[in-house]
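One letter stands for each residue in the lines below.
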Amino acid sequence: MDLAREPAGHFSFGRGPHYCLGASLAQLEAEVVITTLCRRLRGLRLAGEPVWHTTIFSGVAHLPVAFVADLRT
């Protein structure tokens, strides 16, 4: 996961006979990363409304978040 990468346009796993063989692994990896971030970074909060794809692609296009570190520890 490279947070500093340049935008690369849309991302999809294809459809039908051309569906990506690694799609299930990529989806599982994304779920693990997001779950781990939310569990470990207790100060992670939504910073606005999610923006959903409005084309044939489904899912979140942008998810603004903010992180406030807890300095009491």
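Fair warning: this is a prediction, and the values are worked out from it, not measured in the lab. (Residues numbered from 1 in each chain as written. Predicted model: local features only at pLDDT ≥ 70, side-chain atom pairs only at ≥ 80, totals over all residues. Heavy atoms only, no water.)

**A word on the overall build of the protein**
Rules: The helix and strand labels rest on DSSP assignments: H or I over at least four residues marks a helix, E over at least two residues marks a strand, and numbering proceeds from the N terminus. Only protein chains enter the calculation, and the probe is 1.4 Å; a residue is then buried if its accessible area is under 20% of its type maximum, exposed if over 50%, and partly exposed in between. Any two residues whose heavy atoms approach within 4.5 Å at even a single point are treated as in contact.
Within the protein, the regular secondary structure consists of one helix and four strands. When its helices and strands are written in sequence order, the protein yields α-β-β-β-β. Looking at the protein as a whole, 4% of its 73 residues qualify as buried. Looking at the protein alone, contacts between residues at least 24 apart form 15% of all its contacts between residues at least 6 apart.

**A look at the environment of Ala 23**
Tracing the backbone through its elements, the reader meets Ala 23 in helix α1 (residues 23-40). The spacing of Ala 23 and Ser 12 is eleven residues in sequence and 9.0 Å in space, taken between C-alpha atoms.

**Concerning a positive patch on the surface**
Note the following rule: A residue counts toward a patch only above 30% relative accessible area and without a salt bridge, and it is joined to like-charged neighbours within 9 Å or, for Val, Leu, Ile, Met, Phe, Trp and Tyr, to nonpolar neighbours within 5 Å. A 1.4 Å probe and the Shrake-Rupley method give the accessible areas. Residues count as covered only by the protein chains that appear here. Any carboxyl oxygen of Asp or Glu within 4 Å of a side-chain nitrogen of Lys or Arg constitutes a salt bridge here. We count Lys and Arg on the positive side and Asp and Glu on the negative side, and we leave His and both chain ends out. To locate a charge, take NZ of a lysine, CZ of an arginine, CG of an aspartate or CD of a glutamate.
A contiguous patch of positive charge on the surface is contributed by Arg 39, Arg 40, Arg 42 and Arg 45. By the secondary structure assignment, Arg 42 is in the loop between α1 and β1 (44-46).

**Notes on a nonpolar patch on the surface**
On the surface, a nonpolar cluster with roughly 400 Å² of combined accessible area is contributed by Val 33, Ile 34, Leu 37, Leu 41 and Phe 67. Ranked by the residues each element gives to the nonpolar patch, the list is headed by α1, at three residues. Following the sequence through the fold, Phe 67 ends up in strand β4 (residues 65-67).

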